[in-house]
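Each chain is listed here by its residues.
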Amino acid sequence: QPSNEVDRTRDNIGVYAGTESEVNKNVALDLGGRFESYSDFGHSLIGKVAGRAKIAGPLSIRAGIDTGFRAPSLQQLWFSNVSTQFLPDMGGVLQPTQVLTSNNQSPVTKAFGIPKLHEEKSTNMSAGLAFRPLDNLSITADGYFIQIRDRIALTSQFANTDPIVAQILAPFPGVSQAQFFANAVDTNTTGVDVVADFTTQLPHGAITLTGKANFSKTEVTH
């Protein structure tokens, strides 16, 4: 509807620096950091440390840890509408329902106690082995752990069967439920990546065969 139209902009600036160095012929180290500031939500500082070391012959070990963030998008901050959604009633029958999604700065959103959106934050750790038994064959296996905090998601619907909700939604004729974007979920992801590359030379070129496998699991922790 015309009342949902908004014109919003953001400015952001980032500064980053990094260094990568071979400590000696068997050990390499990678360090980095980044500072970023957004005009509409704040700033964040992230960093990384990674390293690689030869163990013996064709075998190497590598590991790293870094932090990250994702700013709330302009849509997550400012999107609003009234939509018709088919939701089950008390008997489980789907009924057309008018659902309000109000933006993060709306008085309606604040009345429901939804706080101001902030960035999603992550911590990533990985460690693995790299094995090159032949010049044309390499095999790598890496385990990883990714923790994401305050992931932004749509809430479930708040229904006007609650008298407080009904009072807040009274200015919206026909609307019986409301939902919002919120920093609602924390997750942990664990997994393993395995990659094998084999290259063979041909009279007029080469063929590279690659096999990859990934095993991962994500859990909602909060």
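Conventions used here
- Residues numbered from 1 in each chain as written.
- Predicted model: local features only at pLDDT ≥ 70, side-chain atom pairs only at ≥ 80, totals over all residues.
- Heavy atoms only, no water.
- Pairing = 2+ DSSP bridges.
- Helix = DSSP H or I, 4+ residues; strand = E, 2+ residues; numbered from the N terminus.
- Axes fitted to C-alpha atoms, helices over the stretch in contact; angles between N-to-C directions.
- Buried < 20%, exposed > 50% of the residue type's maximum accessible area, 1.4 Å probe, protein only.
- Contact = heavy atoms within 4.5 Å.
- Patch = residues over 30% accessible without salt bridge, like charges linked within 9 Å, V, L, I, M, F, W, Y side chains within 5 Å.
- Areas by Shrake-Rupley, 256 points an atom, 1.4 Å probe, with all protein chains shown as cover.
- Salt bridge = Lys/Arg side-chain N within 4 Å of Asp/Glu carboxyl O.

A.B. asks: Looking at this structure, I do not really get the sheet that holds strand β4 (residues 59–70). What am I missing?
C.D. replies: Judged by pairing direction, the sheet is antiparallel, and its eight strands sit side by side in the order β1-β2-β3-β4-β7-β8-β11-β12 without closing on themselves. Strands at the two margins of the open sheet, each flanked by one partner only, are β1 (12–24) and β12 (205–220). Geometrically, the sheet is characterised by an average inter-axis angle of 10° between neighbouring strands, direction not taken into account.

A.B. asks: Before we go on, may I ask you to explain the side chain of T97 in this structure?
C.D. replies: Within the secondary structure, T97 sits in strand β6 (residues 94–101). Relative accessible area serves as the criterion here: at 10%, T97 is assigned to the buried category. For T97, the residues in contact, after removing those within four places along its chain, are S83, T84, Q85, L87, S176 and Q177.

A.B. asks: Mind showing me how you'd approach a nonpolar patch on the surface here?
C.D. replies: On the surface, V23, V27, L29, L31, V49, I65 and M125 cluster together into a nonpolar patch covering about 520 Å² of accessible area. The leading source of residues in the nonpolar patch is strand β2 (residues 27–38), at three residues. Turning to its location among the elements, V49 is positioned in strand β3 (residues 42–56). V49 sits in the partly exposed class, given a relative accessible area of 40%.

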